[in-house]
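Commentary on secondary and tertiary structure
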Amino acid sequence: MSARAIAPGPARGGARLSVVNPATGQPIRDVAEDSAESVARKFARASRGQNEWARVRIDDRKKHIVRFGQLAQERIEDLAATLTSEMGKPIKQSRNEVKGLQGRIDFFLANVHKALAEEEAGADADGRVEEKISYEPIGVVGNISAWNYPFFVGSNVFVPALLTGNAVLYKPSE
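Residues numbered from 1 in each chain as written. Predicted model: local features only at pLDDT ≥ 70, side-chain atom pairs only at ≥ 80, totals over all residues. Heavy atoms only, no water.

**Some words on the pattern of salt bridges**
Selection criterion: The rule for a salt bridge is simple: a side-chain nitrogen of Lys or Arg has to be within 4 Å of a carboxyl oxygen of Asp or Glu.
Taken as a whole and assessed by the stated rule, the structure comprises twelve salt bridges. The salt bridge involving Arg128 is made with Asp126; its shortest N-O contact spans 2.6 Å. Between Lys132 and Glu130 there is a salt bridge, with the nearest N and O atoms lying 4.0 Å from each other. Taken together, the shared-partner salt bridges in this structure form one network comprising Arg57, Asp59, Asp60 and Lys63.

Encoded structure:
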């Protein structure tokens, strides 16, 4: 997953963060460091997008998540190489993490309708008043992922959040 593909824009002006391969100590690249102002701009943009995303039918949201899973599997070698260079873990573990992402996606795809199903909460004795519980998106979800399994652990947050109509601001660990 490329943060450039989902982030609403880099920090304006300002500090840079050097990404270093922990196994070799070699710099990989510099990236813009966010400021409070740039995070606020990204949050505002995500909020606007979330309103539109929440109106998308659940089955259509599922299609986007299915496509995300397909792209991750198609790009497994590139994604695994990035994980290995940024974290220093062996390439086999990186590949397994990206492969494991699909199982998480499949689980949430299979269970999202059940998780969002309206529930009967009760009724009065004469049946005139019924209480029901329904679920709505909460808005923008912030996801700061674990450093050691950013896809595997991060997907436990961003996949169900997106499926249920929320927007996500995803930040991998430094």
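Having seen it, we continue.
**Topic: the pairing of strand S6 (residues 167-171)**
How we decide: DSSP bridges decide pairing: two strands pair if at least two such bridges lie between them. Starting at the N terminus, helices and strands are each numbered in turn, a helix being any DSSP run of H or I of at least four residues and a strand any DSSP run of E of at least two. Looking down the strands as they point away from you, a crossover is right-handed if its path from the first strand over the helix to the second goes clockwise.
Two strands pair when backbone bridges link them, and strand S5 (residues 140-144) and S6 are joined in this way by five bridges, in the parallel orientation. Considered in S6, the bridge of Val140 is made with Ala167. Viewed along the sheet, the connection from S5 through helix H6 (residues 150-163) into S6 turns out right-handed.

**Section: the confidence of the model for the protein chain**
Here is the rule: The predictor attaches a confidence to each residue, and that confidence, scored 0 to 100, is pLDDT. Any two residues having at least one pair of non-hydrogen atoms within 4.5 Å are treated as being in contact.
Overall, the prediction assigns the protein chain a mean pLDDT of 89, with 93% of residues at 70 or greater. The secondary-structure element of the protein chain with the lowest mean pLDDT is helix H1 (residues 3-6), recorded at 35, while helix H3 (residues 58-74) shows the highest, at 97. A low-confidence stretch, residues 1-9 (pLDDT under 50), is modelled with eleven contacts involving residues beyond four sequence positions or located in other chains.

**Let's talk about the side chain of Thr84**
Defined as follows: Each polar contact in these results corresponds to two N or O atoms within 3.5 Å; when the atoms are within protein, one needs to be able to donate a hydrogen and the other to accept it, and residues that are neighboring in sequence are counted only if both atoms are side-chain atoms.
Along the chain, Thr84 turns up in helix H4 (residues 76-87). Side chain to side chain, Thr84 and Ser94 meet in a polar contact 2.8 Å long. Excluding anything up to four places from it in sequence, Thr84 contacts Asn21, Lys89, Pro90, Ile91 and Ser94.

**Digging into the packing of helix H5 (residues 91-116) against H6**
The cut-off we apply is this: Between N-to-C directions, angles cover 0 to 180 degrees, with each direction set by a line fitted to C-alpha atoms, over the stretch in contact for helices. Should an angle lie under 35 degrees it is considered roughly parallel, over 145 roughly antiparallel, and from 65 to 115 roughly perpendicular; all remaining angles are considered oblique. The hand of a helix crossing depends on one turn: near helix anticlockwise from the far one by less than a right angle means left-handed, and clockwise means right-handed.
Where H5 contacts H6, the two axes come as close as 9 Å, and the packing angle between them is 25 degrees. When the axis of H5 is compared with that of H6, the two are roughly parallel. Between H5 and H6 lies a crossing whose hand is right-handed. In this structure, H5 contributes Glu97, Val98, Gly100, Leu101, Arg104, Ile105, Phe108, Leu109 and Val112 to the contact, and H6 contributes Pro150, Phe151, Phe152, Ser155, Asn156, Val159, Pro160 and Leu163.

**Observations concerning the nonpolar core**
How we decide: As used in this record, nonpolar core signifies buried Ala, Val, Leu, Ile, Met, Phe, Trp, Tyr and Cys residues forming a set joined through side-chain atoms within 4.5 Å. Residue exposure (1.4 Å probe, protein chains only): buried if accessible area is under 20% of the type maximum, exposed if over 50%, otherwise partly exposed.
If you look at the biggest cluster of nonpolar residues, it comprises 21 residues, and the most contacted ones within it are Ile65, Val98, Ile105, Phe151, Val159 and Leu163. Contributions of two or more residues to this core are made by H3, H4, H5, H6 and S6.

**Looking at the pairing of strand S1 (residues 16-20)**
Of the pairings in the sheet, the one linking S1 to strand S2 (residues 27-32) comprises five bridges and is antiparallel in character. Within the sheet, the bridge partner assigned to Val19 lies in S2 and is Arg29. Counted between consecutive antiparallel strands, the loop separating S1 from S2 contains six residues, among which Gly25 sits at a positive phi close to 80 degrees.

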